[in-house]
Structure formats: C-alpha cells, structure tokens
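# Structure at a glance
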Amino acid sequence: IYEVLKSYKKICHNTFSNIVGINVIGANQTVCHVWFKDEKLKQIIRELPAWSEILKEGPPEQPSTHAQLVTAISTHLGKDILDKDAMIADSERLIQLAQLQDSINWLIQYVDSFVENLQCDKELQDQLTGGNMKLLEDCRNLLNERMSELLQLAEDCLMILYLEIRVQCYYHLLIVLRKQEYKVDMVNSDPDSGVTLLNKFLSQLEEKIRDFLPLSHTKFLFEGLGYIMSSVIISNASYIKEINNGGLKKMSRNILALQQNLTNITLTHELELERARFYYELLYQKPEEILRNIVEQQKRFTKSEYVELIQLYYRSNRNSKNNNKRSEKQLNLHLVKLNEIMENESDSSSEEKPNGAEL
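Tallying secondary structure elements over the chain gives 16 helices and zero strands in all. Expressed as a percentage of its 359 residues, the buried residues of the chain come to 45%. Taking the contacts inside the chain whose residues are at least 6 apart along the sequence as the reference set, 79% of them involve residues at least 24 apart. Counting only carbon and sulfur atoms, one obtains 49% of the accessible surface of the chain, whose full area is about 19700 Å².

As structure tokens, this is what we get:
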C-alpha cells in the first residue's frame, strides 16, 4: 500500500507541477506561482475564517481580513498591467486542479478509514503483520506520513485555485481601469469587454468546479472577490486620465455587471461593489460638495482615496491655460481643506473612544 501511495503521490505532484509551472523559473513563471511562493501571503489566506471551515478547525485566534490580503497582493503589482502569458489562461487546467484535489481527498478519506479499521480489527492486523505490533506501528506511521504529504498537496491545489482566480480579477480589471477611455459621448449598453471576459471566466469556472469540490471549498474560492474588485476599481482612479458623465455611466455599468455576476455565484448581495459605485458617483458633485458630505455624513473612504477622486475631478474639467492655473489653485485649496477635515474626523474618533469605554 505504501509503495502504491508513493507512486500515486509522484503522479499527482507531477500533474500539479505541470499545471502551475513549478519548474519554470525567471520571467516565464505564472503570476499565481510567484504569489504562491510568498509565505506571508499564504499565511494571510490560511488565517481567513473560510479556510478554517474547510479544514474543519476552530476559527483562528486572530483571523485575517481581505483588506490584509489586498495589501499583500499589492506588493507584487507595479504600474504595468499583468502579463497575459503569465496566467493560467486555460480554464481546463484549473478544472484539472479541482479534479486532482478531489481525487486526493477521496484517497485520503479511504486510507484514513483503512487505518482506523486496522487499529481495531485484530484479524486484519494478524493478516498483515503476523501479530508483530512493532511492524504494525511502523505501517501506521508510514501511511500517516504519506497521507500528510498528500493532504498538503491537496491544500496546495486549493491555494493555487484561490490565487489564480484573483490573478484573473486583477488582470482584467487593471485593463478596464488603465487602458479604457472614460471621456465618452456615446455610452454602449454593454459592459467593457474586460468585464465581460472576467464574468464569463468566473461563472464558467464556478459551474464546472462545483461538480468536484465540496460547497465549503467553492465558497472559499469565491468569497471576498467583491472586496478585491472594489479595491482595484477604487485604487486605480489615478490611472484614469479624464472622466465625464458618459464615463461615469460606463463605470457604473461595469460595476453593476460585476456585482450581478458575482451575486449569482455567491448567492449573496455583494455590498463591497456598492462602495466602488458610490465612490465614482461622487464625481457628479463638485469638490466643495464632496467635502461637505464628508463633514455631514462622515467619511466613507480613506484620505488618499478622496485625494485621487478630487484630482480626477480637476483633470476632467480643464479648459484654457488661464483656467488651468486657477483650477490648480482651487485643487490645492480643496486638498488642504480635505486634510483639515480628515484630521478633525480622526480627532473626533479618538475623543469618542474613552467615552464609550466609560459607558
């Protein structure tokens, strides 16, 4: 049995390596393989509550968040969009990973059952070891060792699937945000092609892998994607040269298409994408109105996000050179005012904490 498991493990590892490109080095590595080698990134994923559910463990003492995940991923991103050739573009290869993970899990359950029976079946023990208890213990240890290796490979399959889904999100959305024009007169009723391709990839992959993976595994793979998408859409506002009302409608249409598709997959209302839509809809207002809303309704975004938004407003409303100089002066005044408002918000928050503690 041990030799069969050893041979099976080798076959599985070779299959895994071929799909992911483990043996490839340098510039030809897949993006998800580069991320996979980042132990800090993987540790954040392992400390997500959904990962504990898969392993049927208790919740982590200090669960990580999708915000921490986005921060860790950002260390691997530059100003350029991701290379298409550095992705696992063929979804069939990802389905093979799901099948491999399913196959390994089935075998682990089967062997675990065999080891459990071996511990309590005296007749089976005599048949295999002739009553030699040391040989029996060695047999159990060897099987457990091999099962531990296979379990790690099954987890690696799931980790690669998780990472590649997010690689695809970044790839398509970075193109939509950095390469598309948002100063448009005619607004197409369809979302951008990058959004359509991403939605198609996600929906087709989910439909196929759910035939092989348990519900908890599928939930884990797609959970938090709304936060990832929203973060990418908001954080790349600085790459938009100009935007007008037609471009704002285009942005809203893209976000709505992503939200509807993801809701169909997760069966939950993806509220994080509402945050991205609200962010760009602020551009229907003038900067002074945006600043007033922060005071009256409290801040919903970070200081840097508001800065990028106000700068985008002024980039999109340039006129003559004289007006540009005046606009630059107004921009600086609004940024100073924004800084004052955000500092006051921070001071107010710190003052409220002691009161709350006393209550």
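Contact pair helix 9 (residues 193-209) / helix 10 (residues 215-222): the axes reach a minimum separation of 11 Å and the direction vectors enclose 165°. By the angle between their axes, helix 9 is roughly antiparallel relative to helix 10. Considering how the two elements wind past one another, helix 9 and helix 10 form a crossing that is right-handed. Touching Leu 202, Glu 206 and Ile 209 of helix 9 are Thr 218, Leu 221 and Phe 222, all from helix 10. Taken together, the residues of the contact of helix 9 with helix 10 sort by class into four nonpolar, one polar and one charged.

Here the focus is the nonpolar core. Counting 104 residues, the largest nonpolar core has Ile 45, Leu 202, Leu 221 and Tyr 280 as the members making the most contacts within it. When residues in this core are grouped by element, the largest group, 21 residues, is from helix 8 (residues 133-178). When near neighbours in sequence (up to four residues on either side) are disregarded, Tyr 280 contacts Leu 177, Ile 233, Ile 234, Asn 236, Ala 237, Ile 240, Ile 243, Leu 248, Met 251 and Leu 312.

Here the focus is the packing of aromatic side chains. Following the criterion strictly, the structure yields 10 aromatic pairs and no others. Centre to centre, the rings of Trp 35 and Tyr 170 are 6.0 Å apart; their planes meet at 90°, and the pair counts as edge-to-face. Taken as a pair, Trp 35 in helix 2 (residues 31-36) and Tyr 170 in helix 8 lie far apart in primary sequence, 135 residues in all. You'll find Trp 35 and Tyr 170 in the same group, each marked buried. With centroids separated by 5.0 Å and ring planes inclined at 65°, the aromatic side chains of Tyr 279 and Phe 301 adopt a geometry described as edge-to-face. With a gap of 22 residues between them, Tyr 279 in helix 13 (residues 271-281) and Phe 301 in the loop between helix 14 (287-297) and helix 15 (303-315) connect regions that are remote in the sequence. The residues Tyr 279 and Phe 301 share a single accessibility class, namely buried. Clustering of aromatic rings is evident, with ring pairs tying together Phe 278, Tyr 279, Tyr 280, Phe 301 and Tyr 306. The residue whose ring lies beneath Arg 178 is Tyr 239, and the NZ or CZ to ring-centre distance is 3.8 Å. In this arrangement the basic side chain of Arg 300 is found over the ring face of Phe 278, its NZ or CZ atom lying 3.9 Å from the centre.

Here we come to the environment of Lys 250. Secondary-structure assignment places Lys 250 in helix 12 (residues 245-266). Accessibility expressed as a relative area gives 9% for Lys 250, which makes it buried. For the pair Lys 250 and Tyr 182, spaced 68 residues apart in sequence, the C-alpha separation works out to 7.4 Å. Leaving out residues up to four positions away in the same chain, Lys 250 has contacts with Gln 180, Glu 181, Tyr 182, Val 187 and Asp 192.

Take Ser 216: it is sitting in helix 10. Exposure remark for Ser 216: the relative accessible area of 29% places this residue in the partly exposed category. Only 3.2 Å separates the side chain of Ser 216 from the side chain of His 217, close enough to count as a polar contact.

A word on helix 11 (residues 225-235). With nine of 11 residues buried, helix 11 lies mostly within the body of the structure. The set of residues buried in helix 11 consists of Leu 225, Gly 226, Ile 228, Met 229, Ser 230, Ser 231, Val 232, Ile 233 and Ile 234.

Structurally, Glu 288 can be placed in helix 14. Separated by 46 residues in the primary sequence, Glu 288 and His 334 have C-alpha atoms spaced 7.3 Å apart.

Bringing the side chain of Gln 168 into the picture now. Summarising the element assignment, Gln 168 is placed in helix 8. Judged by its relative accessible area of 3%, Gln 168 is buried. When near neighbours in sequence (up to four residues on either side) are disregarded, Gln 168 contacts Met 87, Ile 88, Ala 89, Leu 198 and Phe 201.

Counted according to the given criterion, the structure contains zero disulfides. Between Cys 12, a free cysteine, and Cys 157, which holds the nearest cysteine sulfur, the sulfur-to-sulfur gap is 7.8 Å.

Here the focus is the packing of helix 12 against helix 13. Relative orientation of the contacting elements helix 12 and helix 13 amounts to 175°, with a least axis distance of 10 Å. Put simply, helix 12 runs roughly antiparallel to helix 13. Residues Leu 248, Met 251, Ser 252, Ile 255, Leu 258, Gln 259 and Leu 262 of helix 12 form the contact with helix 13, whose participating residues are Leu 273, Glu 274, Ala 276, Arg 277, Tyr 280 and Glu 281. Across the contact of helix 12 with helix 13, the residue classes tally to eight nonpolar, two polar and three charged.

So, on to the side chain of Ser 52. Its place among the elements puts Ser 52 in helix 4 (residues 49-55). The residues touching Ser 52, leaving out its near neighbours within four places in the chain, are Glu 57, Gly 58, Pro 59 and Pro 60.

Reading guide: rules and limits
- Residues numbered from 1 in each chain as written.
- Predicted model: local features only at pLDDT ≥ 70, side-chain atom pairs only at ≥ 80, totals over all residues.
- Heavy atoms only, no water.
- Helix = DSSP H or I, 4+ residues; strand = E, 2+ residues; numbered from the N terminus.
- Buried < 20%, exposed > 50% of the residue type's maximum accessible area, 1.4 Å probe, protein only.
- Contact = heavy atoms within 4.5 Å.
- Areas by Shrake-Rupley, 256 points an atom, 1.4 Å probe, with all protein chains shown as cover.
- Axes fitted to C-alpha atoms, helices over the stretch in contact; angles between N-to-C directions.
- Parallel < 35°, antiparallel > 145°, perpendicular 65-115°, else oblique.
- Left-handed = near helix turned anticlockwise from the far one by under 90°.
- Nonpolar A, V, L, I, M, F, W, Y, C, P; charged D, E, K, R; others polar.
- Core = buried A, V, L, I, M, F, W, Y, C linked by side-chain atoms within 4.5 Å.
- Phe/Tyr/Trp six-rings, centres within 6.5 Å; stacked < 30°, edge-to-face > 60°.
- Lys NZ or Arg CZ within 6 Å of the ring centre and 35° of its normal.
- Polar contact = N/O pair within 3.5 Å; in protein donor to acceptor, adjacent residues only side chain to side chain.
- Disulfide = S-S within 2.5 Å.

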